[in-house]
Amino acid sequence: MNNSRVQTEVPTAELGAIVGADHLRPATSADAVDGIQPQWIVEPGSEEELARVLQWANSLGIHVVPRGQGTKLEWGNLPRHAELVLSTLRLNRVVEHAWGDMTATVEAGCLMGEFQKTLSEHGQRLAYDALWPERSTMGGILATNDSGSYRIRFGALRDLIIGITLALPDGTLAKSGGKVVKNVAGYDLPKLATGSLGTLGVITQAIFRLHPLPQAVRSLSFSTPDSTSMNELVLAVQDSKLAYTGLQIRADSHDPPCIDVRFEGTPGGIDAQARQLLSLTAKAQQVESFPDVWNKRQALWTGKEPNLLCKFSVLPSQLGALCAAVFRALEQSRLTPRLVAQGLGLGFLRLEGEDGSDWLAIITRLREEMNSLGGTLGVLHCPLAVKSHIDVWGPVGDSEGLMHRVKNQFDPAAILNPGRFVGGI
Amino acid sequence: MDTSILEEFRSIVGRDGLITEPEQLHTYECDGLTNYRVLPLAVLLPDTTEEVQGVVRVCHRERIPFVARGSGTGLSGGALPVRGGIVIGLSRLNRILKVDIPNARVVVEPGVMNLSVTQQVSPRGYFYAPDPSSQQVCSIGGNVAENSGGAHCLKYGFTTTHVLGLEVVLPDGSLVHLGGKTLDRPGYDLAGVFVGSEGTLGIATKIILRIVKRPEVIQTLLAAFNSTNEAGAAVSGIIGAGMLPAAIEMMDNLAIQAAEASVHAGYPNCGGLLLVELDGPAAEVELLMEQVKSICNSCGAWEIRVAQSEAERIAIWKGRKSAFAAVGRISPNYIVQDGVVPRTALPRILSEIERLSAAAGIRVANVFHAGDGNLHPLVLFDRRIPGQEQSATELSFNILELCVKAGGSITGEHGVGEEKKKFMSVMFAEPDLETMQLVRCAFDPEHLSNPEKVFPRPRLCAERQGIYEPHPLEVAGVAEYF
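Note that this is a predicted model, so its numbers are computed, not measured.

## Considering the overall build of chain B
Part 1: For chain B, the count of helices and strands is 18 helices and 19 strands.
Part 2: Against the 2.2 N^0.38 benchmark of 23 Å for 482 residues, chain B shows a C-alpha radius of gyration of 23 Å, consistent with a compact globule.
Part 3: Once the C-alpha set of chain B is aligned to its principal axes, its extents read approximately 70 × 60 × 40 Å.
Part 4: The buried share of chain B, taken over its 482 residues, is 62%.
Part 5: In chain B, once contacts between residues fewer than 6 apart in sequence are set aside, the share between residues at least 24 apart is 70%.
Part 6: Accessible surface computed for chain B: about 17000 Å², of which carbon and sulfur atoms make up 50%.
Part 7: On chain B, the mean spot of the 42 positive side-chain charges and the mean spot of the 55 negative ones are 2 Å from each other.

Structure (structure tokens):
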């Protein structure tokens, strides 16, 4: 992996002609992707310009890193090549908020916070909580398939996106889906692009279905004696008729695991549900629910270096076993774990260690534990020296060949984020 | 078809799994879109994934196109056989393989009926949310192919929302697993692309479904208005008030008459009938139902009924779900259309449909999922009257064009299939269609799996490079082309 790092020289005159000289600048070390510094940053001002930049890069074999704000730029394997950063930040409009139809069209470079602010003017929202909404772009959130606590009620991005415009390496601007929620005409490219890490094309616009802002919100938190009773409570809540909009677990090596439950709706409805919830939680102790409890996932990204940050996925019934396995795996180590997961079985784990920590052995051990549970583990952050020795995504299974064929159709010259996705894609 | 190939097929699926008798083949010559018919060369009924693989491998080797078929209830000709091809019927793959209540997952084979999933899990308080009106007879495999919806997808989402993973036999006979029982497996969301691909990317042989806990209460309201415009205003009011009902359905007077003649649902005889279902926590639903009633009243509803029992609720739904078939009571022939418009465009589109209907002298009954703007105009005609079928077909296509012009879609849940493939060019530009077909080229470069469907023109994948190569059987004069 990553054996070829020869950078192609970027001839910039033509590039400047496409986007204007003001929107092309030399990259600095701050633009490096996992230690590899690109040569130039280009910021097209329209979809058409963006597509022309791609077409130009493709014709010259220049490797492109699509980028929004770059908040999640380290998610992925080390790039094989990265000469040109293609920034979407000038494509930042909310194109349309069809509030009567509860849909909205947004450009890739629009910040999620800005998007939500616009939607809230008509009492609506994208029912989704991503990391760092004030500085993450919609395009970046889509490309990385980042998801938070609302997913358990409103679905993943794949369930909320209804249309997309994708710029392909050959300069094609292709639309798929549309502006209506119900639509089965043609292949579902919005889903294909979501979570594809910019390896198939660059998302320039997306259309989402929206939800109303709730009248009222209330969260309740509980402390459970151990991971077994934590898991029992998670399953009991999921098996109940409660209409929660968040169900989160938090665990670390110091305190017993906690569960957070969020209700939204009318004040009367929330009160009634809170009472029902309390009848399920006999074994747990209610604790104060702090307003920032739903930001605990994001808080995993703050702390000491060096650290390892992983995304994992197991069945909901295995969340307890997962916690136990993680803590067991770390018993002999001097690592400090913190874990935040959704009732769906998706979660994030942060391990803080020391310079001498054997991260490779830890990742291998965690993957083994996860495999035995039938789950998956991806590495989102680790010391750079470790990253060059692992595939951060883990094994894909028997569909890997098919994924390569899909990549090959969309990006035959492999100019988009080469090497960063699964199986070396 | 070459006898040695037939013999090979027979060795894979057994004597009773191969149909070649013309009389029997006629059963498979069409799906729910009965005005398109093609006789397949043979029908194969495999019993296992391995048998499906075996059949597909032979098809791949011999370049024989194949069409997978579930119950054949599709309304766009998706399961219409292709000339010179075979049909692979999946009705024998009908086992529910696993029910995992704690994780709300069910693993099924493609031939399992949609309603069987709900029946299997309802004793534990769960249901399978996608509920096409044909749910008693349509198969999960067909639902996966078409990304089927239903009245309750307004709140719960479509088939694609409820499919977590798939075992798929690719058109070269290899087996892959897309998605899985846990979420966000690494790699492209190929399960997301496969669902709704109308059988053009391969054959699903196992499907991991997500089931949903039944809500605490379900309340269904029926409101009678003088016109669909008034009923439409009530829909806007409900959505505008920040509610997300489980379903909002509308029927016009002609559709009501048909439903009454057929199943005696007890609907009021009115110009526009609204059916609103709310579900969720009791306290919430009661409060919101009062709001819905008040919105309906303020929009001119002259009769409002809330079902007082489960039996009443079922009766209300029976009328709605039987509406397509019921139209047979008031017209000898009819076309079911499936267009979508942004919900706010509904009143304008309905007026336009009325105008087109009057101009063509063809009656149109309207049944629709009003909450998400999915229209099902039923275009009524009598085949015995010369020219009427042609006029009805034209009218139904004109309605689709209206939908696209309004920013909508040519299909909300029935699929493109054979019927609407030429309309894909109305809705999408050529680069859009070419890009979609890149997926096809990755899955099925030889265009063997349900070819000639969905897209107006097949993209030539790298292997074909624009040169038409006649099928070897065609060259040998073995294959019959109808």
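## Here's the deal with the interface of chain A and chain B
Part 1: Contacts between the two partners involve 74 residues from chain A, matched on the other side by 81 residues from chain B.
Part 2: Taken over both partners, the interface formed by chain A and chain B buries close to 6200 Å², and the fraction arising from carbon and sulfur atoms is 60%.
Part 3: Its largest share of buried area at the contact with chain B, chain A owes to K182, V184 and Y187 of chain A, together 16% of the area lost on that side.
Part 4: At the junction of chain A with chain B, the criterion picks out five salt bridges.

## Digging into the side chain of T137 of chain A
Residues and elements named next belong to chain A.
Part 1: With respect to the element layout, T137 can be found in the loop between strand 7 (124–125) and helix 4 (138–144).
Part 2: Residue classification places T137 among the buried positions, given a relative accessible area of 2%.
Part 3: Among the polar contacts made by the side chain of T137, one reaches the main-chain amide nitrogen of G140 at a distance of 3.1 Å.
Part 4: Look past the residues within four positions of T137 in its chain and what remains in contact with it is G68, Q69, L89, A108, G109, C110 and L111.

## Some details on the confidence of the model for chain B
Part 1: Confidence along chain B averages 92 in pLDDT terms, with 96% of residues attaining 70 or more.
Part 2: Note on residues 463–482 of chain B: pLDDT is under 50 here. Beyond four places in sequence and across chains, it has 28 contacts.

## Description of the sheet that holds strand 10 (residues 203–210) of chain B
Residues and elements named next belong to chain B.
Part 1: In space, the five strands of this open sheet follow the order 5-6-10-8-9, with antiparallel pairing throughout. Strand pairing shows two members of the sheet lacking a second neighbour, strand 5 (96–100) and strand 9 (175–179), which therefore form its edges. Put simply, the sheet's adjacent strands are angled 10° from each other on average, direction ignored.
Part 2: Two strands pair when backbone bridges link them, and strand 8 (residues 163–169) and strand 9 are joined in this way by five bridges, in the antiparallel orientation. Each bridged residue has a counterpart across the sheet, and for E167 the counterpart in strand 9 is H177.

## A word on the state of the cysteines
A disulfide bridge is the covalent bond that connects two cysteines by way of their sulfur atoms.
Residue and element names in this part refer to chain B.
Part 1: On inspection of all chains with the given rule, the structure shows one disulfide over all chains.
Part 2: One disulfide bridge connects C441 with C461, the sulfur atoms lying 2.0 Å from each other. Here the disulfide of C441 and C461 is left-handed, its torsion about the S-S bond being about -85°. Of this pair, C441 sits in helix 17 (residues 430–443) while C461 sits in the loop between helix 17 and helix 18 (472–475); the two residues are 20 residues apart in sequence, bridging distant segments of the chain. You'll find C441 and C461 in the same group, each marked buried.

## Observations concerning the pairing of strand 3 (residues 64–67) of chain A
Residue and element names in this part refer to chain A.
Part 1: Here strand 3 shows two buried faces, one formed by V64 and P66 and the other by V65 and R67.
Part 2: Across four bridges, the pairing between strand 3 and strand 4 (residues 84–87) is parallel. The residue bridging V65 from the neighbouring strand is V85, located in strand 4.

## Section: the packing of aromatic side chains
Aromatic rings considered in pairs are described by the distance between their centres and by the relative angle of their planes.
Residue and element names in this part refer to chain A.
Part 1: Throughout the structure, instances matching the rule amount to 10 aromatic pairs over all chains.
Part 2: Taking the centre distance of 6.0 Å and the plane angle of 50° together, the rings of F115 and F208 count as tilted. Linking F115 in helix 3 (residues 112–120) with F208 in strand 10 (residues 202–209), this pair joins segments that are 93 residues apart in sequence.
Part 3: Under the relative-accessibility criterion, F208 is labelled buried at 0%.
Part 4: Relative to F154, the ring of Y150 has its centre 6.0 Å away and its plane inclined at 50°; by these criteria the two rings are tilted.

## A few points about helix 12 (residues 310–321) of chain B
All names here are of chain B.
Part 1: Between its first and last C-alpha, helix 12 extends 16 Å over 12 residues, near the 16 Å set by a 1.5 Å rise per residue.
Part 2: Of all the residues in helix 12, the buried ones are R313, I316, W317, G319 and R320. With its buried residues spanning 155° around the axis, helix 12 presents them on a single face.

## Some words on the pattern of salt bridges
Residues and elements named next belong to chain A.
Part 1: Tallying each qualifying case throughout the model produces 46 salt bridges over all chains.
Part 2: Its salt-bridge partner being E354, residue R334 comes within 3.8 Å of it at the nearest N-O pair. Here E354 lies in the loop between strand 18 (346–352) and helix 12 (359–372) and R334 lies in the loop between helix 11 (319–329) and strand 17 (336–342), a separation of 20 residues in the sequence.
Part 3: For R334, a relative accessible area of 67% puts it in the exposed group.
Part 4: Several salt bridges share partner residues, and in doing so they unite D34, K387 and R420 into one network.

## Re the domain arrangement of chain B
All names here are of chain B.
Part 1: If you check the domain split of chain B, you get domain 1 (96–213), domain 2 (216–326) and domain 3 (331–419).
Part 2: Contacts between the two partners involve nine residues from domain 1, matched on the other side by 11 residues from domain 2.
Part 3: Between domain 1 and domain 2 the total buried area reaches about 880 Å² when both faces are included, carbon and sulfur atoms providing 51% of it.
Part 4: Along the contact surface separating domain 1 from domain 2 lie two salt bridges.
Part 5: We note a salt bridge from D279 to K155, for which the minimum N-O separation is 2.5 Å.
Part 6: The interface formed by domain 1 and domain 2 contains five residue pairs in polar contact (both at pLDDT 80 or more).
Part 7: Considering only residue class, the side of domain 1 that touches domain 2 consists of four nonpolar, three polar and two charged.

## Remarks on the environment of I207 of chain B
Part 1: Structurally, I207 of chain B can be placed in strand 10.
Part 2: For I207 of chain B, the contacting residues outside a window of four places in its chain are V106, V107, V108, E109, P110, I140, G141, V144, V163, G165 and L166 of chain B.

## With respect to the side chain of T103 of chain A
Residues and elements named next belong to chain A.
Part 1: Counting through the fold element by element, T103 comes out in strand 6 (residues 103–107).
Part 2: The class for T103 is buried, based on a relative accessible area of 5%.
Part 3: Apart from the residues lying within four places of it in its own chain, the contact partners of T103 are E96, H97, A98, I162, K179, V181, F208 and L210.

## Describing the packing of helix 8 (residues 227–239) of chain A against helix 11 of chain A
All names here are of chain A.
Part 1: One way to put it is that helix 8 packs onto helix 11 with a least axis distance of 8 Å and a crossing angle of 155°. One finds that helix 8 runs roughly antiparallel with respect to helix 11. Every pair of crossing elements has a handedness; the one defined by helix 8 and helix 11 is right-handed. Packed against helix 8, whose contacting residues are S227, M230, N231 and V234, the element helix 11 presents L319, G320, A321, C323 and A324 at the interface.

## Topic: unusual backbone geometry
Part 1: Along the chain, E305 of chain A connects to P306 of chain A via a cis peptide bond; the corresponding omega equals -10°.
Part 2: The residue P306 of chain A is located in the loop between helix 10 (296–299) and strand 16 (307–313) in this model.
Part 3: In the Ramachandran plot, L197 of chain A falls in the positive-phi region, its phi being about 55° despite a non-glycine side chain.
Part 4: Tracing the backbone shows L197 of chain A in the loop between helix 7 (189–193) and strand 10.
Part 5: Overall, L197 of chain A belongs to the buried group, its relative accessible area being 7%.
Part 6: Its identity as a non-glycine residue notwithstanding, H447 of chain B has a phi of 55°, on the positive side.
Part 7: By the element assignment, H447 of chain B lies in the loop between helix 17 and helix 18.
Part 8: For H447 of chain B, a relative accessible area of 9% gives the class buried.

## Description of the domain arrangement of chain A
All names here are of chain A.
Part 1: Domains assigned within chain A are domain 1 (1–212), domain 2 (216–250 + 259–290) and domain 3 (300–387).
Part 2: Using only C-alpha atoms to locate each centre, domain 1 and domain 2 end up separated by 36 Å.
Part 3: The interface is formed by six residues belonging to domain 1 together with eight residues belonging to domain 2.
Part 4: Both sides together, the interface formed by domain 1 and domain 2 hides about 590 Å², and carbon and sulfur atoms give 46% of it.
Part 5: Where domain 1 touches domain 2, the interface holds one salt bridge.
Part 6: Here domain 1 is connected to domain 2 by four residue pairs in polar contact (both at pLDDT 80 or more).

So, how was this worked out
Residues numbered from 1 in each chain as written. Chains lettered and ligands numbered in written order. Predicted model: local features only at pLDDT ≥ 70, side-chain atom pairs only at ≥ 80, totals over all residues. Heavy atoms only, no water. Helix = DSSP H or I, 4+ residues; strand = E, 2+ residues; numbered from the N terminus. Rg over C-alpha atoms; globule rule 2.2 N^0.38 Å. Buried < 20%, exposed > 50% of the residue type's maximum accessible area, 1.4 Å probe, protein only. Contact = heavy atoms within 4.5 Å. Areas by Shrake-Rupley, 256 points an atom, 1.4 Å probe, with all protein chains shown as cover. Lys, Arg positive; Asp, Glu negative; His and termini not counted. Charge placed at Lys NZ, Arg CZ, Asp CG, Glu CD. Buried area = accessible area lost by both parts, 1.4 Å probe. Salt bridge = Lys/Arg side-chain N within 4 Å of Asp/Glu carboxyl O. Polar contact = N/O pair within 3.5 Å; in protein donor to acceptor, adjacent residues only side chain to side chain. pLDDT = per-residue confidence, 0-100. Pairing = 2+ DSSP bridges. Axes fitted to C-alpha atoms, helices over the stretch in contact; angles between N-to-C directions. Disulfide = S-S within 2.5 Å. Phe/Tyr/Trp six-rings, centres within 6.5 Å; stacked < 30°, edge-to-face > 60°. Expected span 1.5 Å × (residues − 1). Arc of directions from axis to C-beta. Domains from an automatic or database assignment. Nonpolar A, V, L, I, M, F, W, Y, C, P; charged D, E, K, R; others polar. Parallel < 35°, antiparallel > 145°, perpendicular 65-115°, else oblique. Left-handed = near helix turned anticlockwise from the far one by under 90°.

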